[in-house]
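Reading the structure
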Amino acid sequence: MPIGILEKLFGSAARIKIIRLFLLNPDSLFAPKEIARRCKVVPGAARREIALFKKIGFIKQKTETVDDLIKLKNGKIKNKKKKVQGLKLNEFFPLLRPLKNLVLNAAPIDRGEILKSFKRVGKMKLIILSGIFIQSDDSRVDLLLVGDSVKKGALERAVSSMEAEIGKELTYSVFGAKEFLYRLGMYDRFVRDILDYPHEKILNRLEI
């Protein structure tokens with residue numbers, strides 16, 4: 001099911017992004033500002049969605065004790081416990097399972113949009129999707145990019161935008177075409193693990 005259909009069902013893109021963020025990070029505690037930043041949603045819209053989700057019991061306010069590492073003047077590290085407040089997925093939300101099936105099985109980003117995003121990054125030769133894109137927990141990376149003249153800033157912006165849509169930080173690797181082909185020829189373990197396990201090539205100018 002395309003994300004566009006989910007937006008129509010749930011009312012807004014912001015709502016879908018925030019739902020995905022909590023579903024894909026069930027053990028994480030988020031401050032409202034972090035939710036807005038991670039999902040690239042304006043703070044006002046994020047506050048409205050958070051209020052709704054709290055009201056229906058999808059998320060809950062929680063206080064947790066976390067480690068706070070402090071560097072002392074003598075150079076030693078002291079571990080001081082501190083309490084933090086935030087919002088967390090309610091694991092007892094009655095519609096959690098069907099909501100997961102509906103939202104997480106939808107393609108997080110249209111493949112055409114991914115190609116369009118990376119077109120501005122450099123001269124891309126190979127783009128492989130794995131991990132979160134194909135619902136595989138055993139993948140080494142979510143995204144493998146092979147290309148030349150890659151612009152670091154443009155790459156980071158493209159990945160950040162995808163992470164906001166998906167709701168999770170992406171694991172990705174970038175290679176120049178020459179280095180990738182060398183590693184492939186040497187049967188590099190990392191490269192072989194990606195190619196030998198489930199993946200999807202959405203650009204393959206190297207004819208791998």
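For every chain, the first residue of the written sequence is number 1, and numbering continues from 1 along that sequence. Per-residue local features are limited, in this predicted model, to residues with pLDDT of at least 70; the limit for side-chain atom pairs, both in listing and counting, is 80 or more; totals at the level of whole chains, interfaces and linings are taken over all residues. Side-chain numbers come from the whole structure's heavy atoms, not from hydrogens or water.

Considerations on the overall build of the protein chain
Regarding its fold elements, the protein chain presents nine helices and six strands. Exposure classes here rest on a 1.4 Å probe applied to the protein chains alone. A residue is buried below 20% of its type maximum, exposed above 50%, and partly exposed in between. Across the 208 residues in the protein chain, those meeting the buried criterion constitute 41%. Only heavy atoms matter for contacts: two residues are in contact if any of them lie within 4.5 Å across the pair. If you take every contact in the protein chain between residues at least 6 apart in sequence, the share linking residues at least 24 apart comes to 66%. Counting every atom, the protein chain has about 12500 Å² of accessible surface; 51% of that belongs to carbon and sulfur. Comment: elements are numbered from the N terminus, with helices defined as DSSP H or I runs of at least four residues and strands as E runs of at least two. Surface accessibility in these figures is a Shrake-Rupley result with a 1.4 Å probe; residues are shielded only by whichever protein chains are displayed.

Observations concerning the pattern of salt bridges
Between Lys or Arg on one side and Asp or Glu on the other, a salt bridge is scored when a side-chain nitrogen of the former is within 4 Å of a carboxyl oxygen of the latter. Under the defined criterion, the tally for this structure stands at 14 salt bridges. Measuring nitrogen to oxygen at the nearest pair gives 2.7 Å for the salt bridge that ties lysine 88 to glutamate 64. With lysine 88 in strand 2 (residues 77-89) and glutamate 64 in strand 1 (residues 59-71), this pair connects stretches of sequence that are 24 residues apart. We classify lysine 88 as buried; its relative accessible area is 12%. The closest approach of N and O atoms between aspartate 188 and arginine 183, which form a salt bridge, is 3.5 Å. Residues joined by salt bridges that share partners form a network here, namely Glu34, Arg37 and Arg38.

Section: the sheet that holds strand 5 (residues 172-175)
Sheet architecture is open: four strands sit in the order 5-4-3-6, paired in mixed fashion. Of all strands in the sheet, those bounded by a partner on one side alone are strand 5 and strand 6 (200-204). Within the sheet, the average angular offset between the axes of one strand and its neighbour, ignoring direction, is 15 degrees. Strand direction decides the pairing type here: strand 4 (residues 143-148) and strand 5, joined by four bridges, are parallel. Looking at the pairing, leucine 144 lines up with serine 173 of strand 5. By the convention used here, strands pair only if DSSP detects at least 2 bridges between them. As a rule, the C-alpha atoms of each element are fitted with a line to give its axis, helices using only the stretch in contact, and angles between N-to-C directions run from 0 to 180 degrees.

What to know about unusual backbone geometry
One non-glycine residue, lysine 40, lies in positive phi territory at about 55 degrees. Examined against the element boundaries, lysine 40 turns out to sit in the loop between helix 3 (32-39) and helix 4 (43-56). Relative accessible area serves as the criterion here: at 47%, lysine 40 is assigned to the partly exposed category. Phi at tyrosine 187 is positive, roughly 55 degrees, even though this residue is not glycine. Here tyrosine 187 lies in the loop between helix 8 (177-185) and helix 9 (189-196).

Section: the packing of helix 8 against helix 9
Close contact between helix 8 and helix 9 brings their axes to 8 Å; oriented N to C, the two are set at 85 degrees. Taken together, the axes of helix 8 and helix 9 are roughly perpendicular relative to one another. Across from Phe180, Arg183 and Leu184 in helix 8, the residues of helix 9 making contact are Val191, Arg192 and Leu195. Residue classes in the contact of helix 8 with helix 9 are distributed as four nonpolar, no polar and two charged. Angles are sorted into four bins: roughly parallel if under 35 degrees, roughly antiparallel if over 145, roughly perpendicular if 65 to 115, and oblique for all others. Polarity classes work like this: nonpolar for Ala, Val, Leu, Ile, Met, Phe, Trp, Tyr, Cys and Pro, charged for Asp, Glu, Lys and Arg, and polar for all others, with Gly in that last group.

The analysis is restricted to geometry; functional conclusions fall outside its scope.
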